[in-house]
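Chain by chain, the residues:
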Amino acid sequence: MDHPDWRNQCDGKGKPTPLDQLSTASNSRGDLEHEEQEVEIEMSDFDSVAETGPIMSGTSRLDPQTPPKTRNLKRRCYFNKEWRKKFSWIKPASSNTDAYCKICCNSFTVSFMGISAVIKHSQTSLHTKKLSAGTRSQLLDKFVVKKDTKEELKIILAEICKIYHTVKHNQSYNGLDCCIKLDKIIYPDSSITSKLSCGRTKSEMIAKNVLGKKALDNVIELVNNHVPR
């Protein structure tokens, strides 16, 4: 008669006997020791790979003397003089990666965006405001005479000649004012004509206080030189 295995016997309540528990614990301890050995083997393999370098597919291990690949640096942009043909308000700044705006009186970098940085600067609110203000000032310069300049002297001489011509030919001051307005239309490119101003009151004052006095002085001098005493 075969006797049942004593390790499979239970205590009658469906629970394993102490012998069964001892056997299970020994088996678990053996499995744990086996797993620890496998982990030690894997770690040793990892250390060897770290020392000699990784293995590439289809090739041998990398040469430790091979220098690592360097990252490609982003290309920098520099100021280009050709940009001034399209944007006359820029010029080179102290740095070759910057551009100087003559309208805003400040510099900005073109190192990262190149000509796109110039276009972006031209669209800023500060630049557009100063550009419009500069345009208005240029329009005013066409009518405002700067003092103590050669241009002022030329304008004064032109006005006196116009008034003298009007008085000599017995023409009206209103007619002179109308002729000057017509000359500004006929000669728009003349900076002198565009700044002439000979209204009726102004022409009359110049004729009396300038031309009249000069004519009187000439007559007195002529009389004194030719009339015997």
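Residues numbered from 1 in each chain as written. Predicted model: local features only at pLDDT ≥ 70, side-chain atom pairs only at ≥ 80, totals over all residues. Heavy atoms only, no water.

Peer 1: Help me understand the overall build of the chain in this model?
Peer 2: Counting its regular elements, the chain contains six helices and three strands. Each helix (α) and strand (β) of the chain, taken in turn from the N terminus, gives the series α-β-β-β-α-α-α-α-α. Residues classed as buried in the chain amount to 16% of the 229 residues present. Pairs at least 24 residues apart make up 40% of the contacts formed inside the chain by residues separated by at least 6 positions. (Helix = DSSP H or I, 4+ residues; strand = E, 2+ residues; numbered from the N terminus. Buried < 20%, exposed > 50% of the residue type's maximum accessible area, 1.4 Å probe, protein only. Contact = heavy atoms within 4.5 Å.)

Peer 1: Can you help me understand a positive patch on the surface in this one?
Peer 2: A cluster of like positive charges, contributed by Lys81, Arg84, Lys91 and Lys102, occupies part of the molecular surface. Tracing the backbone through its elements, the reader meets Arg84 in the loop between helix H1 (18-52) and strand S1 (90-92). With relative accessibility at 37%, the residue Arg84 sits in the partly exposed group. (Patch = residues over 30% accessible without salt bridge, like charges linked within 9 Å, V, L, I, M, F, W, Y side chains within 5 Å. Areas by Shrake-Rupley, 256 points an atom, 1.4 Å probe, with all protein chains shown as cover. Salt bridge = Lys/Arg side-chain N within 4 Å of Asp/Glu carboxyl O. Lys, Arg positive; Asp, Glu negative; His and termini not counted. Charge placed at Lys NZ, Arg CZ, Asp CG, Glu CD.)

Peer 1: What's the story with the side chain of His127 in this structure? I'm lost.
Peer 2: When you line up the elements, His127 lands in helix H3 (residues 125-141). Contacts of His127, omitting those with residues within four sequence positions, involve Trp89, Cys101, Ile103, Cys104, His121 and Ser122.

Peer 1: Whenever I open this one, a nonpolar patch on the surface confuses me. Can you help?
Peer 2: Where nonpolar side chains cluster on the molecular surface, the patch consists of Leu182, Ile185, Ile186 and Tyr187 and spans about 440 Å² of accessible area. In this fold, Ile186 is placed in helix H5 (residues 173-186). By relative accessible area, Ile186 is classed as partly exposed at 47%.

Peer 1: Even after reading the chapter, I still don't get the sheet that holds strand S3 (residues 106-109), so can you show me in this structure?
Peer 2: Either a parallel or an antiparallel arrangement is found when strands of a sheet pair, and the pairing is made through backbone hydrogen bonds. Spatially, S1-S2-S3 is the arrangement adopted by the three strands of the open sheet, whose pairing is antiparallel. A single partner strand is all that each edge strand has here, and the edge strands are S1 and S3. The average angle at which neighbouring strand axes cross in this sheet is 35 degrees, direction not considered. Where strand S2 (residues 98-101) meets S3, four bridges bridge the pair, whose relative direction is antiparallel. Bridge pairing links Asp98 to Thr109 in S3. Relative to the sheet, helix H2 (residues 115-122) contacts S1, S2 and S3, its axis offset from that of S3 by approximately 135 degrees. (Pairing = 2+ DSSP bridges. Axes fitted to C-alpha atoms, helices over the stretch in contact; angles between N-to-C directions.)

Peer 1: Please explain the confidence of the model for the chain as it appears in this structure.
Peer 2: In regions of low pLDDT, the predicted coordinates are not meant to be interpreted in detail. Overall, the prediction assigns the chain a mean pLDDT of 75, with 62% of residues at 70 or greater. Counted against residues more than four places away or in other chains, residues 6-13, with its pLDDT under 50, gives nine contacts. Contacts of residues 45-51 to residues separated by more than four positions or lying in other chains number two contacts, the stretch itself having pLDDT below 50. (pLDDT = per-residue confidence, 0-100.)

Peer 1: Mind showing me how you'd approach the packing of H5 against helix H6 (residues 200-226) here?
Peer 2: Relative placement of two packed helices is described by the angle separating their axes and the distance separating the axes. At a minimum axis separation of 8 Å, H5 and H6 run at an interaxial angle of 115 degrees. The interaxial crossing formed by H5 with H6 has right-handed handedness. Counting all contacts with H5, which are made through Tyr173, Asn174 and Leu176, the residues of H6 involved are Arg200, Ser203, Glu204 and Ala207. Of the residues in the contact of H5 with H6, the class split is three nonpolar, two polar and two charged. (Left-handed = near helix turned anticlockwise from the far one by under 90°. Nonpolar A, V, L, I, M, F, W, Y, C, P; charged D, E, K, R; others polar.)

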